[in-house]
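# Examination of the molecular architecture
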Amino acid sequence: MAIKSLVSSLLLAGSLVSAHPGHVEKVYQHNALPLERKSLNHCEEQFNDPEFIKRNVEFHASEYARLRRAAGYDLDEAPKLSPRDYISVSRINHKSNKAVSWNMDLKTLFSDYGACMLMPSVDQGPLYVQGEEVRKDITDGEKGIKMTLAVQVVDYKTCQVVPNAYVDIWSSNSTGIYTGVQGYPGMGDPKDAGILKLRAMRGVQPTDTNGIAAFDSILPGHYDGRASHIHAIVYTGATKLPNNTITGGKAPHVGQIYFDQSLITEIDRFPPYNTNKNRVVPNVNDFLFIQGANGDDPIVRYALVGKTLDEGVFAWIRFGINQQKALNVNPAAWWTANGGVMNPKGPVGQMTGGGGGWGFPGWGKKRAAKQEEKQEEEN
């Protein structure tokens, strides 16, 4: 019986072939991705796109409102997103495990930065020099721990990056000294006009197609009266001149950037930072840090370039700006082809009396309070 069944099967197969002479059955390949691909890691860039995040936030907010309405709740009672407060910000560890290198694609630093928020503007401070050159390396030979700082500028209303803006930054050197402004207490000999020819730790950079401006600098040192920080102004609509400076435009953001307290403590172990005799002011005791951190997070994220801090760091931060704003900027001095020129109507030019550090008594706090009141009125 087994032989008869085998013969019958062969005959049946032969009749099927002869019924379709020359016909070759197509073999269809399965084009689906391998079944083991269960992770969504390949979607990380899309999931962290600001516009994607914005759409998701809006969707979940509308669904939340719908459910509360269905449950009979008044929508006005719904909990609202609260701005960050300075204590909670100061407790965040901003150190990142991202792999960084000096020539990396800076866009990857912001791939997991999350939704954009309005970065609060604060007082510009008394030591701004307007007209500094567009340049990436702003160290001018200053000694200290190398730092590349990347600033991404986004419109906080649309969550879109802002290309072709200019970011203007300035800070103290490793021992807490600012250059470029004459006559400010604690910042060199007030009678030394040579200070006006110095421009270390000052410079301007344009934002690229990803809204990022990058600087090669050093980690700044601290000085009496203030926590360690970097000043920044964002200009939009400005024009670059043949002499490598910018003109025109407006300043929708004036702010300051800070560092983890643990990082500042570690920095002070290395030379020349360990020669700095100025007292350390913790972030939580700095009134301008408090003002800036009661809203968004003004502390940079950072990663070590090598195994130890003295090999250098990458630091990055996102500025959410209101492009409709035009904040007042009043420089202490202007940079010219012949060096700096003091502004008689600038912050230092208008100061009288004694004091030190940031503290011509009450001046900084009054200016900050006035600017905060003005911005609240505009909003």
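Counting from 1, residues in each chain are numbered in the order their sequence is written. It should be noted that, the model being predicted, local features are given only for residues of pLDDT at least 70 and side-chain atom pairs only at 80 or more, the latter also being counted only at that level, while totals for whole chains, interfaces and linings use all residues. As a rule here, side-chain values cover all heavy atoms of the structure and leave hydrogens and water aside.

## Brief notes about unusual backbone geometry
This is how it is decided: Each helix is a run of DSSP H or I of at least 4 residues and each strand a run of E of at least 2, with the numbering of both proceeding from the N terminus. Only protein chains enter the area calculation, which uses a 1.4 Å probe; residues under 20% of their type maximum are buried, those over 50% are exposed, and those in between are partly exposed.
Residue Pro-272 is bonded to the preceding Pro-271 through a cis peptide linkage, with omega at 0°. Along the chain, the position of Pro-272 falls in the loop between helix H5 (261-267) and helix H6 (287-293). Within the chain, Cys-159 stands out as a residue other than glycine whose phi angle is a positive 60°. As for its placement among the helices and strands, Cys-159 is situated in the loop between strand S2 (146-155) and strand S3 (166-170). Take Cys-159: its relative accessible area is 9%, and that puts it in the buried class.

## Section: the pairing of S3
Defined as follows: What makes two strands pair is DSSP finding at least two bridges between them.
Across the five residues that make up S3, a large majority, five, are buried. Burial along S3 is two-sided: Tyr-166, Asp-168 and Trp-170 and Val-167 and Ile-169, pointing in opposite directions, are all buried. Judged from the five bridges that link them, S3 and strand S4 (residues 202-206) form a sheet pairing that is antiparallel. Within S4, the residue paired with Ile-169 across the bridge is Gly-203. Sheet topology places S3 next to strand S6 (residues 229-236); five bridges connect them, and they run antiparallel. In the strand pairing of S6, Asp-168 is matched with Ile-233.

## Focus: the side chain of His-229
Under the convention used in this document: Nitrogen and oxygen atoms within 3.5 Å of one another constitute a polar contact, given that in protein one can donate a hydrogen and the other can accept it, and given that sequence-neighbouring residues count only through two side-chain atoms. Only heavy atoms enter the contact rule, under which two residues are in contact if any of them lie within 4.5 Å.
Mapped onto the elements, His-229 comes out in strand S6. Residue classification places His-229 among the buried residues on the basis of a relative accessible area of 2%. Engagement of the side chain of His-229 in a polar contact is seen with the side chain of Arg-226, the distance being 3.4 Å. For His-229, the side chain forms a polar contact with the main-chain oxygen of Ala-227, separated by 2.6 Å. For His-229, the residues in contact, after removing those within four places along its chain, are Ser-171, Tyr-178, Pro-220, Tyr-223, Gln-256, Ile-257 and Tyr-258.

## Comments concerning empty space enclosed by the protein
What counts here: With a 1 Å grid spanning the protein atoms alone, the term cavity applies to any set of points in which a 1.4 Å probe fits but cannot get out, the term pocket to an open set with protein on both sides within 12 Å along at least five of seven lines, and the term lining residue to any residue with an atom within 4 Å of a point. Grid points are joined across faces, edges and corners, and a volume is the space filled by probe spheres set on the points. Under the scheme applied, nonpolar residues are Ala, Val, Leu, Ile, Met, Phe, Trp, Tyr, Cys and Pro; charged residues are Asp, Glu, Lys and Arg; polar residues are all the others, including Gly.
Enumeration according to the criterion identifies two cavities of 30 Å³ or more in this entry. Of the voids in this model, the largest cavity is the one considered here, and its volume is about 40 Å³. Looking at the largest cavity, the residues that line it are Met-119, Pro-120, Val-122, Gln-256, Tyr-258, Leu-288, Gly-292 and Pro-298. The residue makeup of the lining of the largest cavity, split by class, is six nonpolar, two polar and no charged. Taken as a whole, the second largest cavity encloses approximately 30 Å³ of empty space. Here the lining of the second largest cavity is composed, by residue class, of five nonpolar, three polar and one charged.

## With respect to the sheet that holds strand S10 (residues 301-304)
The criterion, for reference: An axis is simply a line fitted to the C-alpha atoms; with a helix, the fit covers only the stretch in contact. Between two such axes, the angle follows the N-to-C directions and lies from 0 to 180 degrees.
Judged by pairing direction, the sheet is mixed, and its four strands sit side by side in the order S5-S2-S11-S10 without closing on themselves. Looking along the sheet, the strands with just one partner apiece sit at the ends: strand S5 (212-218) and S10. For this sheet, the mean angle separating the axes of adjacent strands, direction not counted, is 20°. Of the strand pairs in this sheet, S2 and S5 are connected by seven bridges, and their pairing is antiparallel. Residue Ala-150 lies in a different strand from S5, and its bridge partner there is Ala-214.

## Focus on the confidence of the model for the protein chain
Heads up, the condition is: One number per residue, pLDDT, summarises how confident the predictor is, and it ranges from 0 to 100.
Overall, the predicted model of the protein chain reaches an average pLDDT of 81, with 70% of residues at or above 70. Note that residues 27-42 has pLDDT below 50 and, in this model, two contacts with residues that lie over four places away or in other chains.

## With respect to the sheet that holds strand S12 (residues 333-336)
Reading across the sheet, the three strands line up as S1-S12-S13 and stay open at both edges, with mixed pairing between neighbours. Of all strands in the sheet, those bounded by a partner on one side alone are strand S1 (129-130) and strand S13 (339-342). Looking at chain direction, S12 and S13 are connected through four bridges and run antiparallel. The residue bridging Thr-336 from the neighbouring strand is Gly-339, located in S13.

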